[in-house]
Amino acid sequence: MSNRSATGGQHRATGNGGSTAAASLAASVAGAARLVGGWGKWLLAIIQRDKRARIASYVVSGIAVLLGVALVRRRLQLPSLPSKKKYDYIVIGGGSSGCVVAARLSEDPDVSVLLLEAGVPTSHNGAIGIPLASGTLQRTDVDWQFKTEPQAHTDNRIHNWPRGKVLGGSSCLNFMLYVRGAAADYDMWRDQLNCPGWGYSDVLPYYMKSENRVLSDPTKQVDKRYHGVGGPLTVTDPGFLNVVSSVFVEGAQAAGIPFNPDYNGENLLGTGFSQYTINNGRRNDTHSAFIAPLRRANLTVCTSAHVTRIIFDGKNRAIGVEYTSSRDNYVRYRRVHCAREVVLSSGAVGSPHLLLLSGVGPRADLRLHNIPLFRHIPAVGQRMQDHLFVPISWTCSQQVCLSKERMDRDQWKHLARWMLFKTGQLVSNSLESMAFIRSPICRLPYPIPDLQIHFVCAAASGDDTRLNFGYPEDTVFFSSVLRWFHPFAHPLAPKEHRHCEASY
């Protein structure tokens, strides 16, 4: 009662002097209105007399409206928090797999699904949708910007390791090439590594279910033995084809590499043109394909929600997660629980990282970093492999390749063409043709390639290490222990294997 009285007294005291303050505020507003009105009349008179000023006013007004809409959109995109304390399913990571899992789980209207993503919405960076802008996204705020330790097999260089920190994950950063891989690899997982359900005949129906294959030639039909139609993920042929990309395919055939019209079909080996996850000239990342079209009350998507730990009960069951949100002005650990399952889909880097932080991994490593052991699993965080990208530059006798200078000169023309018609050079990622070959030194016991050649129809810079459009200088490859045991540890520092066993 005393608190309420004191509060009421403060309100009354404010009310007693409120009339004077209100009158002063009204006078200030009236004076400002008269000033603005005077300027407005003067400006209106000028506009009515001068046609150029009238046109300029229209342009300025249009820009002001666009800026206002952009500010409102950005304001509306503030990170949201879960509306409930408990959900049926919690999906950690809204990347290439997390978006798919959340979309499939929420098809059941009787369950509630929470999708937590540490990154921002895809609309945060407008360049995500432009295929040719792919290389400019790395080392920005939509990239975790991981780096390796010095790698002995690359002259002790430190390599960039791009990973998507955005709704859609690395499918928002990659170059949109749709490559399923070799069927023999899947069969090896099933038959030799004892992974039931992972043979190519097992996973192919799911590839086809998710796919919407669109051919550039309307006279041809989709090979429905290997491709699907009507799925959420649109796969297309090159919408823009540089002449030099066709020359590469012709040269590869002259060198004895057979032409393969569909490397995602019956056979992977050969040379041909790329297949893209591009829809109507825009990047078709997993968020755009699987989550954005949905309007489901039982699916909650929260961005800027960095999960720091999985919560387990005493019965070896995951019952929730601990996370932080950028809505908070300080590091505040929030919790949300689940009734059924926690789905860990944070990628090849994020998933083992979170397991280690949650006490699942090698006992000695966890003890070294004072993390309570929940389950001793020595393999967690070990034997990581990734592929090298080795650039080789050639001189072109004609100015037909993409170059920064040429694009800068005509950038407004290209941008307008893309925005209005979704055509032109911006719909290309510049990796328009490729080849899968089996090198003479390949020791793989089954008939799959050990080299994948990307042909990039873009000019390189003078040092041949970075293409003008912002392609990565290099890509991390083999690592073992993921040695970072803090939720916000950065940069990543994986440890290198003593020898390299190449996949492809």
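What this report covers is the structure whose coordinates are included nearby. (Residues numbered from 1 in each chain as written. Predicted model: local features only at pLDDT ≥ 70, side-chain atom pairs only at ≥ 80, totals over all residues. Heavy atoms only, no water.)

## Describing the pattern of salt bridges
As a working rule, side chains carrying opposite charge can pair if their charged atoms are close by. Summed over all chains, the structure comprises 9 salt bridges. The partner of Arg335 in a salt bridge is Glu322, and the shortest N-O contact between them spans 3.5 Å. Linking Arg335 in strand S13 (residues 334-344) with Glu322 in strand S12 (residues 318-325), this pair joins segments that are 13 residues apart in sequence. Under the relative-accessibility criterion, Arg335 is labelled partly exposed at 43%. Look at Glu322 and you get buried, because its relative accessible area is 14%. Taken together, the shared-partner salt bridges in this structure form one network comprising Asp187, Arg190, Asp191 and Asp202. (Salt bridge = Lys/Arg side-chain N within 4 Å of Asp/Glu carboxyl O. Helix = DSSP H or I, 4+ residues; strand = E, 2+ residues; numbered from the N terminus. Buried < 20%, exposed > 50% of the residue type's maximum accessible area, 1.4 Å probe, protein only.)

## Side note on the sheet that holds strand S17 (residues 451-456)
If you trace the 3 strands from one edge of the open sheet to the other, you get S7-S16-S17, paired in antiparallel fashion. Bordering the open sheet on either side are strand S7 (270-273) and S17, each of which pairs with just one other strand. For this sheet, the mean inter-axis angle between neighbouring strands, taken without regard to orientation, is 15 degrees. (Pairing = 2+ DSSP bridges. Axes fitted to C-alpha atoms, helices over the stretch in contact; angles between N-to-C directions.)

## Some details on the pairing of strand S1 (residues 86-92)
Burial analysis of S1 places 6 of its 7 residues in the buried class, which makes it a mostly covered element. As paired strands, S1 and S13 are joined by 6 bridges and run parallel to one another. Each residue of the ladder has a partner; that of Lys86, found in S13, is His337. Both S1 and strand S2 (residues 113-116) contribute to a ladder of 4 bridges, which runs parallel. From the neighbouring strand, Tyr89 faces S2, where its bridge partner is Val113. Handedness of the β-α-β unit built from S1, helix H4 (residues 98-105) and S2 comes out right-handed. (Right-handed = clockwise from strand over helix to strand, strands pointing away.)

## Quick word on H4
The set of residues buried in H4 consists of Gly98, Cys99, Ala102 and Ala103. Here the buried residues of H4 occupy an arc of 130 degrees about the axis, which is enough to place them on one side. The secondary structure elements touched by the buried residues of H4 are S1, S2, helix H8 (286-291) and strand S10 (299-302). (Arc of directions from axis to C-beta. Contact = heavy atoms within 4.5 Å.)

## Some points on the environment of Pro293
Among the secondary structure elements, Pro293 is positioned in the loop between H8 and S10. Its relative accessible area of 54% is what places Pro293 among the exposed residues. Put simply, Pro293 and Ala103 are 190 residues apart on the chain and 10.0 Å apart in space, counted from C-alpha to C-alpha. Residues in contact with Pro293, not counting those within four places in the same chain, are His287 and Ser288.

## Some thoughts on the packing of helix H5 (residues 183-191) against helix H6 (residues 200-210)
Direction vectors running N to C along H5 and H6 enclose 120 degrees, while the axes themselves pass 8 Å from each other. Taken together, H5 and H6 sit at an angle that is classed as oblique. Of the residues in H6, those in contact with Ala183, Tyr186, Asp187 and Arg190 of H5 are Tyr200, Ser201, Asp202, Val203 and Tyr207. Across the contact of H5 with H6, the residue classes tally to 5 nonpolar, 1 polar and 3 charged. (Parallel < 35°, antiparallel > 145°, perpendicular 65-115°, else oblique. Nonpolar A, V, L, I, M, F, W, Y, C, P; charged D, E, K, R; others polar.)

## With respect to the side chain of Ser428
Structurally, the position occupied by Ser428 is in the loop between helix H12 (411-421) and strand S16 (431-437). Polar contacts involving the side chain of Ser428 include one to the side chain of Glu432, which spans 2.6 Å. Not counting residues within four places of it along the chain, the set of residues in contact with Ser428 comprises Pro131, Leu132 and Phe240. (Polar contact = N/O pair within 3.5 Å; in protein donor to acceptor, adjacent residues only side chain to side chain.)

## What to know about helix H9 (residues 347-357)
Restricting attention to buried positions, one finds in H9 the residues Val349, Ser351, Pro352, His353, Leu354, Leu356 and Leu357. The first or second residue beyond H9 is Gly359, which carries a positive phi of 90 degrees.

## Looking at the sheet that holds S10
Pairing in this open sheet of 6 strands is mixed, and the strands run S10-S2-S1-S13-S12-S11 from one edge to the other. Edge positions in the sheet fall to S10 and strand S11 (305-312), since each of these pairs with one other strand and no more. Strand-to-strand, the axes of this sheet are offset by a mean angle of 40 degrees, without reference to chain direction. Running over the sheet, H4 touches S1, S2, S10 and S13 and is turned about 155 degrees from S1. In the packing of H9 onto the sheet, the strands contacted are S1, S11 and S13, and the crossing angle to S11 comes to about 50 degrees.

## Remarks on the environment of Lys86
Relative to the elements of secondary structure, Lys86 occurs in strand S1. For the pair Lys86 and Gly320, spaced 234 residues apart in sequence, the C-alpha separation works out to 8.3 Å. Non-local contacts of Lys86, meaning those with residues more than four positions away in its chain, are made with Val336, His337, Cys338 and Ala339.

## Things to note about unusual backbone geometry
One non-glycine residue with positive phi stands out, namely Arg383, at about 60 degrees. Within the secondary structure, Arg383 is located in the loop between strand S15 (375-376) and helix H11 (404-409). The backbone phi angle of Lys422 is positive, close to 55 degrees, even though this residue is not glycine.

## Remarks on the packing of aromatic side chains
The geometry of an aromatic ring pair comes down to the distance between the two centres and the angle between the two planes. The final tally for this structure, using the stated rule, is 8 aromatic pairs. Measuring from ring centre to ring centre gives 6.4 Å for Trp189 and Trp198, while their planes differ by 70 degrees; the resulting arrangement is edge-to-face. Relative accessible area serves as the criterion here: at 32%, Trp189 is assigned to the partly exposed category. The exposure class of Trp198 is partly exposed, given its relative accessible area of 46%. With a centroid separation of 5.5 Å and an interplanar angle of 50 degrees, the aromatic rings of Tyr263 and Phe436 are classed as tilted. Placement of the pair is Tyr263 in the loop between helix H7 (243-254) and S7 and Phe436 in strand S16, with a sequence separation of 173 residues. You can call Phe436 buried: its relative accessible area is 2%. Clustering of aromatic rings is evident, with ring pairs tying together Tyr186, Trp189, Trp198, Tyr200 and Tyr207. Sitting above the plane of the Tyr87 ring, Lys84 keeps its charged end 4.9 Å from the centroid. For Lys165, the ring lying beneath its charged end belongs to Trp144, and the centroid distance is 4.6 Å. (Phe/Tyr/Trp six-rings, centres within 6.5 Å; stacked < 30°, edge-to-face > 60°. Lys NZ or Arg CZ within 6 Å of the ring centre and 35° of its normal.)

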